[in-house]
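Descriptive structure summary
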Amino acid sequence: MKKRPESGACPFAAPGNLVESNPDNNSSNGASAKEKDLLSSSGELENVQLKPSRETTRKDLCGYLNKLGIKGPIKTWKSRWFFYDENKCHLLYYRTAQDINPLGSIDLSSASFDGRVENGEGVFEIRTPSRVFTLKAISKQAMMYWLQQLQMRRWEFCNAQSRFPVGSSQLVNETLAGRTNVVDSEDFLPPVKTPTEAVGLKAASLPAPQTSTALQNISFKHPWTEIQNTVYNICGSRQLWGNNGNVFNFSEFQEHPENPDEEQEAEVEAGCAVKDGLLEDGRVESRLNWIRKARWMNSGFPGLPEELSRERNPMDKVSVLQQQILTLTEEVKSQKELVKLLHKALEAAQQEKRVSSMYLTAAEDKDRLELVRHKVRQIADLTSRLEALEQEKKELEQTLTLRDSHIQELKEHVQLLMEKNHAKQQVVMALTEQMARELSDPLQEANTVTAETLYKQQEEIEHLKDDIDAYKTQNQFLNSEIHQVTRLWTSVAENEKALLMKCACLQARNCQMESKYLTVLRKLQEAVPGLPSSHAELVRNLIQEALQWDVKEEAEGFNLNPVSEYDEYGFMTVPDYEVEDWKLLAKIQALEIKSNNLRSQEVVEKPLRDRWNSVGELSPSAELKSLIRSGIPVEHRQRVWKWIVSRHCSHPPDHYQRLLRQSKSTEHPACRQIELDLPRTLTNNKHFSSPTSQLIPKLRRVLLAFSWHNPAIGYCQGLNRLAAVALLVLEDEESAFWCLVHIVENLMPADYYSDTLITSQVDQRVFKDFLSEKLPRLMAHFEQYRIDVSLITFNWFLVAFVDSLVSDILLRVWDAFLYEGTKVIFRYALAIFKYNEEEILRIHDSVEIYQYLHFFTRMIMDGRKLMNIAFNDLNPFPMKLLRNRRSMHREELEAELCELEQIKAAYVKERAEQGPQDLKEVVSEEEEEI
C-alpha cells in the first residue's frame with residue numbers, strides 16, 4: 001500500500017477533509033505539474049515564515065472533543081468536531097467531521113487557556129472576553145497536546161499580526177525584535193507527543209462518539225445550520241441511491257486508487273486545484289464527485305473499518321445496509337420530535353386564527369359584541385379559577401411548610417437515634433477489638449495493623465504525587481502564558497506612552513507656532529494704516545485666511561486634546577467677539593488653551609488626578625488645602641463643594657421647600673429685577689444663553705428662595721451669576737441655594753451686598769493698599785495716568801471673577817475661594833496684575849490702558865502660572881493684616897459718608913428755606929437778554 005503525499009499548503013474544502021502536511025515527501029502520483037509548482041511555492045513561503053530552529057512540518061489541528069453545553073437548567077457533554085483555522089485564529093466546531101457548516105467558532109486571538117485538575121481528567125477551559133468554553137479530551141495527554149498547540153499557534157498568529165509598519169521608528173522595531181527573541185528562547189513546557197488516535201487524519205476517519213439519546217448531540221441553538229447539514233447529507237445519499245438503484249455502484253470507484261489515504265490525498269489535491277483556478281478539463285470534477293461519494297460512504301458506515309467498506313461480498317453489503325438503516329432511523333426520530341413541536345405551535349396558531357375569523361366574519365355588531373362578551377366571560381372565569389388556584393397554592397404552601405417543619409423534627413430525631421446507634425456500635429467495635437486482641441497473638445496483630453496502615457499511606461502518597469505533578473504542569477503552562485502576556489503588555493504600554501508624549505509635545509509646539517504666527521498678523525493688523533496699499537492688502541488676505549482656520553480640527557488619525565466648542569460645564573472655550581479686529585485674538589486664545597492643555601496633561605494633570613483619586617474621606621488638613629489650591633478635577637469637584645458647604649451651613653429639613661412655597665404664594669419685591677437679570681446671566685454658557693434653557697427656571701427658584709431667606713439683602717445684582725456657577729457645578733438647585741447662602745453669609749463680610757455696598761467699597765480701598773505694596777511700579781504708573789483700578793476690580797470682588805476669567809481658571813479660583821474665603825480674591829486680583837504687569841507698563845495712554853484692562857483677564861491662559869503667582873510670589877499675605885485694613889478703611893469710609901450726609905442735610909434744609917424766594921427771583925436767559 002502506497003503512502004500518500006501530504007501537503008500543508010492546500011486549504012481544506014470542508015472540515016471533514018483532514019490531512020497532515022509533509023513537504024519533504026515528494027512521491028505524489030496524482031498531482032499535475034501546476035499543482036506541484038503551487039505546492040512547492042507554498043512550502044517555500046511557509047519555510048520563510050517559520051523560524052529555522054523549529055520543525056518545518058506542520059500538522060493541521062483537528063479532532064473530536066466533548067463540549068459542555070446547556071439545555072435549559074441541565075448541563076450535558078456534546079461531541080463536536082473541532083478544526084483550527086490558521087488564517088483567522090479561530091477554532092471552528094461541527095457536529096460531525098462530514099458537516100459543511102460550522103455550528104460556531106472560538107476566537108483565540110484574545111483568549112486564555114486553563115487546564116484545571118479539579119474539573120476532571122482531560123477537562124480544560126478556553127476563556128474569551130465574552131464567554132468561557134469548557135472542553136474535554138479523551139485523555140490527559142490529548143488535553144496537554146491541545147493546550148500546547150493552541151497556545152503555540154495563537155502566539156504565531158499574534159506575532160504575525162502585531163508587526164509595526166515600515167515607517168515605524170527604529171527604537172520600536174528593535175524593542176519588538178528583542179522581545180520576540182526572548183520569548184521564543186524560553187521553553188516553559190516541553191513539547192507533548194502527538195496523540196495520533198485523538199487528532200488528525202485517524203480521528204477524522206473514525207466514527208463520531210455516540211450519545212445516549214438521538215437528540216442529545218443535536219444543537220438546538222443552531223437549528224438552521226443543523227437543517228443545512230442534514231439536507232446536505234440526505235442529498236448526498238440520494239445521489240448514491242440514484243446510480244442504477246444501487247447504493248454500491250463500484251464501477252466508478254474502480255478507476256481510482258483503493259487506498260483510503262490516496263482518496264483523501266486526491267480530494268485535497270482536487271480542492272487545491274479548484275481554489276487556484278487549475279480546472280482545465282472535466283477530470284478534476286469527476287475526481288471530486290468520486291471523493292464526495294467515498295466520503296459519504298465512510299460517514300454512512302461509521303461502525304465498520306475501511307477495508308470492509310471496499311468488500312464486494314453480499315453479506316457485507318447487507319450488514320452495511322442494516323447499519324445505515326439504523327443510522328437513518330435515529331435521524332428520522334429526531335426529525336419527528338422537531339415536527340411534533342412545530343405541530344403544537346401550528347395548532348395553537350390555528351385556534352387563534354379561527355377565533356379571529358369568527359369575529360371578522362360576524363354579520364352584525366351584535367354578533368361581534370356577543371363574541372366579545374363570551375371572551376370577557378371566559379376571561380372572568382379564568383380569573384376566578386386562577387384566584388382559586390392561587391388560594392389553593394397558598395394553602396398547599398402552608399401545608400408544605402408544616403410538613404417540612406415536621407420532617408425536620410423527624411430528621412433531628414432520626415439523627416439523635418443514629419448518633420446513639422453509632423455510639424453503641426463504636427462501643428461494640430471497641431469491645432470486639434479488645435476481645436480479639438486478648439484472644440489472638442499480640443505481636444501478629446501489631447504486624448497486621450502496621451502493614452495495613454503502611455499500604456494506605458503509600459496509596460495516599462501516590463495520589464498526592466500525582467496531584468503535585470498535575471499542578472506543576474498546570475503551573476508551568478500558566479506561567480508561560482502570564483510571562484508572555486506581561487512582556488507584550490509592558491512593551492506595548494511603554495511604546496504607547498512614549499508615542500503619546502511625543503505626539504503631545506509636537507502638537508503643543510505646533511499650536512505655539514500657529515499662535516506666534518497669528519500674533520504677528522495681529523501686530524501687522526494694528527500697523528495696516530501705515531503700510532503701503534499692496535502690503536496692507538496682503539496682510540488683510542492673510543488675516544482672512546487665518547480666520548477661516550478651524551482651530552478645533554483634529555489631526556489626521558487622532559487628536560490628544562481637541563478644543564471643543566464648549567467645556568464640561570457649557571462655557572464657550574473660544575470667545576465670540578463682535579468686533580472684527582478681536583476675532584484674530586479669539587483664535588490666538590484658542591491655540592494657547594490647546595497648547596497649555598497638551599503640555600500639562602501628562603506632566604501636571606495626571607499626577608494631580610492620581611492624588612485626588614487616592615483621597616478617601618475628606619477632612620481639613622494642609623494636604624487638602626494644597627490639593628484644592630492646585631485645582632479640583634471635574635469628577636471630584638461636585639463632591640468637594642458639597643462637603644465644604646455642609647461644613648459651614650446647617651440644612652434645616654424642608655427649609656428650601658418652604659421658601660419655594662412662600663415665593664409662589666407671595667410675590668417678592670425683587671421678583672421683577674430677578675426676571676430682568678435672568679437673560680443677562682452667563683451669556684457665554686450654553687445652559688443659560690437661551691430663555692428656554694433648563695437651568696433658567698432653577699436659577700429663578702434659587703434667587704427667589706434666597707430673597708425670602710435673607711430679607712435684609714433680598715436680591716442684589718451679581719447674586720444671579722454666583723448662583724448660576726453653583727448650579728453648573730452642583731446641578732441640584734437646593735445644593736446651589738445653600739452654596740449661595742455660604743458665600744453671602746459666611747465668606748463675604750457683612751453689608752457686602754447691601755443697598756450701600758459699603759463693605760465692597762472698603763475692599764477696593766484695601767486692594768489699592770496691597771497693590772501699592774506688592775506692585776509699586778504698576779501703581780505708580782496708574783497714578784501717573786490717573787487710572788482708577790476700582791472701576792475694573794469692583795466687579796471682580798462682587799461676583800468672584802465670574803465673566804472675567806476663562807472657565808477653567810475661574811473654577812480653580814472658586815475651589816480655593818469656597819475653602820479659604822475672600823483672601824483668595826485678593827491674591828488672584830493681585831496675581832492678575834502681576835501676570836500682565838509688563839504689558840501694562842508699555843502702554844502710555846490712559847484711554848488705551850482702560851481698553852486693555854477691560855479685556856486683559858481673558859488673555860490669561862496659563863492657569864498654573866497664575867496660581868503660582870497668587871500663592872507663592874505674593875507671600876506673605878496674613879489674614880490678620882486684611883482684617884485690620886478693613887477695619888481702618890471702614891471707619892474712614894463711614895466718617896466720610898456721615899460727613900456727606902450732614903452736608904446733604906444742610907443743603908436740603910437751606911434749599912427748603914430759600915426755595916420760594918428763589919423762584920420769584922429766577923430770571924431766564926431770554927429775559928436777561930431782553
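Please read all numbers here as calculations on a predicted model, not as lab measurements. (Residues numbered from 1 in each chain as written. Predicted model: local features only at pLDDT ≥ 70, side-chain atom pairs only at ≥ 80, totals over all residues. Heavy atoms only, no water.)

**Quick notes on the nonpolar core**
Formed by 118 residues in total, the largest nonpolar core has its most connected members in Leu719, Tyr753, Phe782, Phe801 and Phe833. With ten residues, the top contributor of residues to this core is helix H19 (residues 719–730). Discounting residues that sit within four places of it in the chain, Phe801 has contacts with Trp796, Leu810, Val813, Ile825, Tyr828, Ala829 and Ile832. Among the nonpolar cores identified, the runner-up in size contains 28 residues, and Ala111, Ala137, Ala142 and Leu147 belong to it. (Core = buried A, V, L, I, M, F, W, Y, C linked by side-chain atoms within 4.5 Å. Buried < 20%, exposed > 50% of the residue type's maximum accessible area, 1.4 Å probe, protein only. Helix = DSSP H or I, 4+ residues; strand = E, 2+ residues; numbered from the N terminus. Contact = heavy atoms within 4.5 Å.)

**Details of the environment of Arg647**
Within the element layout of this structure, Arg647 appears in helix H15 (residues 634–648). Spatially, the C-alpha atom of Arg647 lies 9.8 Å from that of His742, the residues being 95 residues apart in sequence. Other than its neighbours up to four places away in sequence, Arg647 contacts Pro620 and Tyr819.

**Looking at the state of the cysteines**
Inspection of every chain in the model, using the stated rule, returns zero disulfides. Left without a disulfide partner, Cys158 is nearest to the cysteine sulfur of Cys89, which lies 5.7 Å away. Cys158 gets classed as buried once you look at its relative accessible area, which sits at 18%. (Disulfide = S-S within 2.5 Å.)

**Some remarks on a nonpolar patch on the surface**
A cluster of nonpolar side chains, Tyr359, Leu360, Leu369, Val372 and Val376, forms an exposed patch at the surface whose accessible area comes to about 450 Å². Those elements that provide at least two residues to the nonpolar patch are helix H9 (314–361) and helix H10 (365–439). With three residues, the single largest contributor to the nonpolar patch is H10. The topology assignment puts Leu369 in helix H10. (Patch = residues over 30% accessible without salt bridge, like charges linked within 9 Å, V, L, I, M, F, W, Y side chains within 5 Å. Areas by Shrake-Rupley, 256 points an atom, 1.4 Å probe, with all protein chains shown as cover. Salt bridge = Lys/Arg side-chain N within 4 Å of Asp/Glu carboxyl O.)

**Focus on the confidence of the model for the protein**
Here the protein averages 76 in pLDDT, and 69% of its residues register 70 or above. Predicted confidence is poor over residues 1–56, with pLDDT under 50, and the contacts of this stretch with residues over four places away or in other chains come to 99 contacts. Note that residues 164–186 has pLDDT below 50 and, in this model, 20 contacts with residues that lie over four places away or in other chains. (pLDDT = per-residue confidence, 0-100.)

**Section: the side chain of Lys67**
Looking at where Lys67 falls in the secondary structure, it is placed in strand S1 (residues 62–71). Residue Lys67 is classed as buried on the basis of its relative accessible area, which comes to 10%. Excluding anything up to four places from it in sequence, Lys67 contacts Thr76, Trp77, Lys78, Arg80, Phe82, Tyr93, Arg131, Phe133, Thr134 and Leu135.

**Points about the pattern of salt bridges**
It is possible for side chains bearing opposite charge to pair when their charged atoms get close. Counted under the stated rule, the structure contains 22 salt bridges. As a salt-bridge pair, Arg377 and Glu370 come within 3.4 Å of each other at their nearest N and O atoms. What makes Glu370 partly exposed here is its relative accessible area of 41%. Of the charged contacts in the structure, one is a salt bridge between Arg680 and Asp677, with a shortest N-O distance of 2.4 Å.

**Focus on the pairing of strand S4 (residues 104–107)**
Because side chains alternate across S4, one face comprises the buried residues Gly104 and Ile106, and the other comprises Ser105 and Asp107, none of which is buried. Here strand S3 (residues 90–94) runs beside S4; their pairing, made up of four bridges, is antiparallel. Of the residues in S4, the one forming a bridge with Leu91 is Ile106. (Pairing = 2+ DSSP bridges.)

**A word on the environment of Pro102**
Considering the arrangement of structural elements, one finds Pro102 in the loop between S3 and S4. By relative accessible area, Pro102 is classed as partly exposed at 31%. When the C-alpha atoms of Pro102 and Phe83 are compared, they prove to be 9.6 Å apart, with 19 residues separating the residues in sequence. Discounting chain neighbours no more than four positions away, the residues touching Pro102 are Leu92, Tyr93, Tyr94 and Thr225.

**Some words on the packing of H19 against helix H20 (residues 733–747)**
When two helices pack together, you describe them by how their axes are tilted relative to each other and by the distance separating the axes. The contact between H19 and H20 brings their axes to 8 Å, and the two run at 135 degrees. Classified by the interaxial angle, the pair formed by H19 and H20 is oblique. Every pair of crossing elements has a handedness; the one defined by H19 and H20 is right-handed. Along its contact with H19, which presents Leu719, Leu722, Ala723, Ala726, Leu727 and Leu730, the element H20 presents Glu733, Ser735, Ala736, Cys739, Leu740, Ile743 and Val744. (Axes fitted to C-alpha atoms, helices over the stretch in contact; angles between N-to-C directions. Parallel < 35°, antiparallel > 145°, perpendicular 65-115°, else oblique. Left-handed = near helix turned anticlockwise from the far one by under 90°.)

**Points about the environment of Leu678**
Among the structural elements, Leu678 can be located in the loop between helix H17 (671–677) and helix H18 (695–709). Judged by its relative accessible area of 4%, Leu678 is buried. With 21 residues separating them in the primary sequence, Leu678 and Leu699 have C-alpha atoms 7.9 Å apart. Once you skip the residues sitting within four places of it in the chain, Leu678 turns out to touch Ile696, Leu699, Arg700 and Leu703.

**Here we look at helix H27 (residues 846–855)**
Within H27 the residues assigned to the buried category are Ile849, Tyr852, Leu853 and Phe855. Between the side-chain oxygen at the start of H27 and the backbone nitrogen of Val847 there is a gap of 3.2 Å, and the oxygen is on Asp845. (Polar contact = N/O pair within 3.5 Å; in protein donor to acceptor, adjacent residues only side chain to side chain.)

**Thoughts on the packing of aromatic side chains**
Here the structure, examined in full by the defined rule, presents 21 aromatic pairs. Ring centres 4.9 Å apart and planes at 45 degrees place the aromatic pair Phe770 and Phe877 in the tilted group. Placement of the pair is Phe770 in helix H21 (residues 758–774) and Phe877 in the loop between helix H28 (863–873) and helix H29 (879–921), with a sequence separation of 107 residues. On the accessibility criterion, Phe770 (2% relative accessible area) is buried. Taking relative accessible area as the criterion, Phe877 reaches 5% and is therefore assigned buried. When the centroid spacing of 5.6 Å and the interplanar angle of 85 degrees are considered together, the rings of Tyr828 and Phe871 count as edge-to-face. Placement of the pair is Tyr828 in helix H25 (residues 823–835) and Phe871 in helix H28, with a sequence separation of 43 residues. For Phe871, a relative accessible area of 5% translates into the label buried. Members of the aromatic cluster, connected to one another through ring pairs, are Phe767, Phe770, Phe782, Trp796, Phe797, Phe801, Phe826, Phe833, Tyr852, Phe855, Phe856 and Phe877. Of note, Lys136 hangs over the ring of Trp77, and the distance from its end group to the ring centre comes to 5.7 Å. (Phe/Tyr/Trp six-rings, centres within 6.5 Å; stacked < 30°, edge-to-face > 60°. Lys NZ or Arg CZ within 6 Å of the ring centre and 35° of its normal.)

**Let's talk about unusual backbone geometry**
Note that the residue after Asn875, namely Pro876, is joined by a cis bond; omega there is 0 degrees. Structurally, Pro876 can be placed in the loop between H28 and H29. At Asp654, a position not held by glycine, the phi torsion is positive, near 60 degrees. Positive phi, close to 70 degrees, is recorded for Glu731, a residue that is not glycine. Residue position: Glu731 is located in the loop between H19 and H20.

**Points about the packing of H18 against H20**
Taken N-terminus to C-terminus, the directions of H18 and H20 make an angle of 45 degrees; their axes are 10 Å apart at the nearest point. In terms of axis orientation, H18 runs oblique to H20. As for the relative orientation of H18 and H20, their crossing is right-handed in sense. Residues Lys698, Arg701, Val702, Leu703, Ala705, Phe706 and His709 of H18 touch H20, and the partners they reach there are Glu733, Phe737, Leu740, Val741, Val744 and Glu745. For the contact of H18 with H20, the class distribution of residues is eight nonpolar, one polar and four charged. (Nonpolar A, V, L, I, M, F, W, Y, C, P; charged D, E, K, R; others polar.)

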